[in-house]
Amino acid sequence: MATGRTISASFLTEKDNKIISLCEKISKQIISNVPQDNKKNFLKEFGKISYTRDGGLGLGSGKLQRDAICTRGRQGKAPFSNRNLRWHPLIVAESDLPYAKKIERVEISGEDEAQVLVFVIKNDEGTEIKYPSDKVHEMPERYVVLPEHWVPHIQVLKNWNDTLWTQNSCVIPALEACEWYDSVETYALLGIIMSCAIYGADLNKTYNEVFEIIKHQEIDNSIKLPSSNFPKNDKSLLDCPMCKTSINSNPANLPDRERIRTWQPAWRNQKRGEGEDSSIQIMHVTPLVENEIRHTSKNVRYGHRWCNVAMTDHSLDDTLDFMEYIVKVHNRCK
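Residues numbered from 1 in each chain as written. Predicted model: local features only at pLDDT ≥ 70, side-chain atom pairs only at ≥ 80, totals over all residues. Heavy atoms only, no water.

Student: Lay out the overall build of the protein chain in plain terms, naming residues and giving numbers.
Tutor: For the protein chain, the helix and strand inventory stands at 10 helices and nine strands. A compact globule built from 334 residues should have a C-alpha radius of gyration of about 20 Å, and the protein chain, at 21 Å, falls within 12% of that. Summarising its shape, the C-alpha atoms of the protein chain cover approximately 65 × 50 × 45 Å along the three principal directions. For the protein chain, with 334 residues in total, the buried portion stands at 46%. (Helix = DSSP H or I, 4+ residues; strand = E, 2+ residues; numbered from the N terminus. Rg over C-alpha atoms; globule rule 2.2 N^0.38 Å. Buried < 20%, exposed > 50% of the residue type's maximum accessible area, 1.4 Å probe, protein only.)

Written as structure tokens, this is what we have:
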């Protein structure tokens, strides 16, 4: 399976570079509002920027970049990127999408360990242009690869080894894709939430300053930002969208749960804290789908792990309906 970094992870287009630079500007402004004692930790854990497609190796970037502008890490016998920019131009989906053009076909060039996926598109003049896996980030707009495009190569692809999959990890799933400005606004919002809820920054000051940076972006002057998705300044932004209590407190303000300890090898990194009920995770209030872009500042929040796990891949409304029924049948209504 693909085990290494995304192909061409260190290669950015001029536009990619400008977008990440805008996020870095937002990060620096947020950090300026974090109390001195917390600045270093916020930078390390959340605000650090990596000028790469995948957020860099190890701790190359902070959690904001990994959550807001990068797709999830993925591995397997498939051409998925092991993290990539969410506005990456080549996506895969089950059916046609309203926000992406369909490619013409997929080809495989080379022999043995040098086999490479090649994606063929047509420009506006009808001329075919071919993009090998390490160049797809240079596509001029968003294209989608459908199941029909893989059919001619199934017998070959099912025999590919780890090396071949790694050197062709070049697409992202459609449900994780969004426009560049959705990523920027999500980055800004999550930065505001974390800096104010956990690190002590002033909400009004931080929100207003970040709002102005987004408003005066120079990446594309034809787009008016912040968009209608960007939420208004409200202290409820600092609450978990599920249980409506601060992300700096326990889920639903319940007491700490005593977790039973189990043996773990002492020579491995311990990530026990990530499994705590109150640990903070990115949440999508409405589940991601392929045919609609939902990774936006309207739909993305930080919340408690317990709340996030409880939602699984359901919407908040569906989850609440389910919980309401459970409470009723157990006669726990008060």
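Student: Outline the sheet that holds strand S4 (residues 116–122), supporting the account with residue identities and numerical values.
Tutor: Read from one edge of the open sheet, three strands run S3-S4-S5, paired in antiparallel fashion. Since the sheet does not close on itself, it has two edges, and those belong to strand S3 (105–109) and strand S5 (128–132), each with one partner. Across this sheet, the average inter-strand angle for adjacent strands is 30°, counted without regard to direction. For S4 and S5, the ladder comprises five bridges, and the chain directions are antiparallel. Looking across to S5, one finds that Val120 is bridged to Lys130. (Pairing = 2+ DSSP bridges. Axes fitted to C-alpha atoms, helices over the stretch in contact; angles between N-to-C directions.)

Student: Residue-level account of unusual backbone geometry, with values.
Tutor: Across the junction of Leu225 and Pro226, the peptide omega takes the value -5°, indicating a cis bond. Considering the arrangement of structural elements, one finds Pro226 in the loop between helix H8 (203–215) and strand S8 (280–284). With a phi angle near 65°, Lys244 is a residue other than glycine that sits in the positive phi range. You can see Lys244 is positioned in the loop between H8 and S8. In this structure Lys244 comes out as exposed when scored by relative accessible area, which is 61%. Located in the positive-phi region is Ala252, a residue other than glycine, with phi close to 55°. Checked against the element boundaries, Ala252 lands in the loop between H8 and S8.

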